[in-house]
Amino acid sequence: AGFVAWGNPFLMHTSFPVHIRVVAMGISYNISAAIFGGPTPYICSQLLVHFGVLAPALWLVFMALLSLGCMRVLQCRQEKRTEADCGTQGVLP
């Protein structure tokens, strides 16, 4: 919890230009919370019913891998690396 409590505001703060920072942080945080946080209890309960006790862990692993990929793209964008440095062709602006 401590890592998220400090990391999220710092990363969001440095991701947006000053003139749109507050609006962009609010919109991006709330949309992502609604998309990924809203259906998570339903998805985990359905995985539990259909596939067994350990199946909800697969949802958590999927979310962790998705977050890791997003962090990699964000890191490349913030460090202004080229596509050759990051290995993500077509992802970087």
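Residues numbered from 1 in each chain as written. Predicted model: local features only at pLDDT ≥ 70, side-chain atom pairs only at ≥ 80, totals over all residues. Heavy atoms only, no water.

**Student:** I'd like a description of helix H4 (residues 55-78), backed by residues and values.
**Tutor:** Compared with the 34 Å implied by 1.5 Å per residue over 24 residues, the 35 Å span of H4 between its first and last C-alpha is a close match. Among all positions of H4, only Ala55, Pro56, Trp59, Met63 and Cys76 are buried. (Helix = DSSP H or I, 4+ residues; strand = E, 2+ residues; numbered from the N terminus. Expected span 1.5 Å × (residues − 1). Buried < 20%, exposed > 50% of the residue type's maximum accessible area, 1.4 Å probe, protein only.)

**Student:** How would you sum up the nonpolar core? Please name residues and give values.
**Tutor:** Cys44, Leu47, Ala55, Trp59 and Met63 together form the largest nonpolar core, which totals five residues. Going through the elements one at a time, helix H3 (40-51) and H4 are the ones with two or more residues in this core. Take this core: its biggest share by element is three residues, from H4. Non-local contacts of Trp59, meaning those with residues more than four positions away in its chain, are made with Thr40, Ile43, Cys44 and Leu47. (Core = buried A, V, L, I, M, F, W, Y, C linked by side-chain atoms within 4.5 Å. Contact = heavy atoms within 4.5 Å.)

**Student:** Help me get a handle on the environment of Pro56, residues and values and all.
**Tutor:** With respect to the secondary-structure elements, Pro56 resides in helix H4. A residue is classified by how much of its surface remains accessible, and Pro56, at 16% relative accessible area, is buried. Not counting residues up to four positions away in its chain, the partners in contact with Pro56 are Cys44, Leu47 and Leu48.

**Student:** Could you give an account of a nonpolar patch on the surface, with specific residues and numbers?
**Tutor:** Together, Val23, Ile27, Ile31, Ile35, Phe36, Phe62 and Leu66 make up an exposed nonpolar region whose accessible area comes to about 650 Å². Of all elements in the fold, only helix H2 (21-37) and H4 reach the threshold of two or more residues within the nonpolar patch. Examining the composition of the nonpolar patch, we find that five residues originate from one element, H2, more than from any other. Summarising the element assignment, Val23 is placed in helix H2. (Patch = residues over 30% accessible without salt bridge, like charges linked within 9 Å, V, L, I, M, F, W, Y side chains within 5 Å. Areas by Shrake-Rupley, 256 points an atom, 1.4 Å probe, with all protein chains shown as cover. Salt bridge = Lys/Arg side-chain N within 4 Å of Asp/Glu carboxyl O.)

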